[in-house]
Amino acid sequence: MPAFIEAQFSEVARKLGDVADRLEGTTILINGAGGFLGNHIVGLMQYLNRTRFTKPVHTIALDNFITGVKGSPLFTMDDSNLEFIQHDVCVPFETERNIDYIMHAASIASPVYYAKYPMETLTATIDGLRHTLELARAKKAKGVLYFSSSEIYGDPTPENIPTTEEYHGHVSCTSLRACYDESKRVGETIATIYHRVHGVPVVSVRPFNAYGPGMKIDDKRVLPNFLNAALDGSTIEIHNRGAQTRTFAYTTDCLNGFLRALLLGRSGEAYNIGTDEGEISIYNLAKKVESVYGSPLDIQHAEYPEGYPVGDPSRRLPDITKARTELGYEPDVTLEEGLKRMLAWYRLLRERGA
């Protein structure tokens, strides 16, 4: 494992503090383990086993590999405490093991890919989460974490920025983005029903633009596009004049927030996980990448590529007061620092021929 990835898991463990000890000796099931966030969770469990736990976490990692991958520099497959299984979450999963915690991160989050696989995007959440919650109910799991999305808010009205968890959203149900946005909204409805009706201890998190090492080179989201264009010496294309604004939350901060929500969050509730600092336009983000890269880049305005699901929100800024006060969550990695680490990751992949 690369030294700086090991250092990142150490950083997450430090941020979690004693909260992480609740996982010792448990069995955790991760849906979507082949994806960006799922890879990190698998790697973090292995790190905690190596450095902290006397009784290891046993991880069951599931993915159908439509967009996810089985191997990753973030973890090792040669581990008796890891079962990595090809499985479609739209089909019920069966195991003889007791399951203590479940994290449902199965999803297709890149707009380019969910436009390509709209039905698979929809069913991974709606059918996959329902089967997951049935499994949690049968196994009497201690906790379930459902990965929703900040996209459930759609394009918030100005008076709802920063956006709190109480905002109900401004979302189209028929756009090319709807397969993702609406599936995440329905997922929260399903989670709430299972909590209210069956007492399943499920918490939802709404990540705001999580990024970092582990994002695939061909992910097609904005930061992989910009950073790889820089490394290729190719043009960075800015769509919609680059006026949209975002905040970006680095993986170590996000993992801290996710695990705190799973272990400390109130069942039936949702929490924004992101950062409320450093809101930046997409054009200025390209300039920030240029600054971190250290050489002038060719930044050009361009039309959206054919088939791209247009209609992305004009602003995306979370209110994280609820996560701060209830979970003790506090993000602290700056965008500049996060971009430096992500650039180092892509350079490493290129050196390895990945």
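All values derive from a computational prediction rather than experimental measurement. (Residues numbered from 1 in each chain as written. Predicted model: local features only at pLDDT ≥ 70, side-chain atom pairs only at ≥ 80, totals over all residues. Heavy atoms only, no water.)

Caption draft 1: The packing of aromatic side chains, seen in detail. A complete count under the given rule lists nine aromatic pairs for this structure. Ring plane angle 35° and centroid distance 6.4 Å describe the contact between Phe-9 and Tyr-47, whose orientation is recorded as tilted. Linking Phe-9 in helix α1 (residues 3-16) with Tyr-47 in helix α2 (residues 36-51), this pair joins segments that are 38 residues apart in sequence. Each of the two residues, Phe-9 as well as Tyr-47, counts as buried. Look at Tyr-114 and Tyr-180: their rings are 4.9 Å apart centre to centre, the planes differ by 5°, and that puts the pair in the stacked class. Of the two residues, Tyr-114 sits in helix α3 (residues 111-116) while Tyr-180 sits in helix α5 (residues 178-198), which places them 66 residues apart along the sequence. The buried category is assigned to Tyr-114, whose relative accessible area is 1%. By the ring-pair criterion, three or more aromatic residues cluster together here, those being Phe-65, Phe-75 and Phe-84. The positively charged end of Lys-322 is found above the aromatic ring belonging to Tyr-271, 4.9 Å away from the centroid. (Phe/Tyr/Trp six-rings, centres within 6.5 Å; stacked < 30°, edge-to-face > 60°. Helix = DSSP H or I, 4+ residues; strand = E, 2+ residues; numbered from the N terminus. Buried < 20%, exposed > 50% of the residue type's maximum accessible area, 1.4 Å probe, protein only. Lys NZ or Arg CZ within 6 Å of the ring centre and 35° of its normal.)

Caption draft 2: Up close: the packing of helix α4 (residues 118-139) against α5. Their axes nearest at 9 Å, the elements α4 and α5 cross at an angle of 15°. Our classification of the angle between α4 and α5 gives roughly parallel. Crossing handedness for the pair α4 and α5: right-handed. Where α4 abuts α5, its residues Pro-118, Thr-121, Leu-122, Thr-125, Ile-126, Leu-129, Arg-130, Leu-133, Glu-134 and Arg-137 lie against Cys-179, Tyr-180, Ser-183, Lys-184, Val-186, Gly-187, Ile-190, Ala-191, Tyr-194 and His-198. Partitioned by chemical class, the residues of the contact of α4 with α5 number 11 nonpolar, five polar and four charged. (Axes fitted to C-alpha atoms, helices over the stretch in contact; angles between N-to-C directions. Parallel < 35°, antiparallel > 145°, perpendicular 65-115°, else oblique. Left-handed = near helix turned anticlockwise from the far one by under 90°. Contact = heavy atoms within 4.5 Å. Nonpolar A, V, L, I, M, F, W, Y, C, P; charged D, E, K, R; others polar.)

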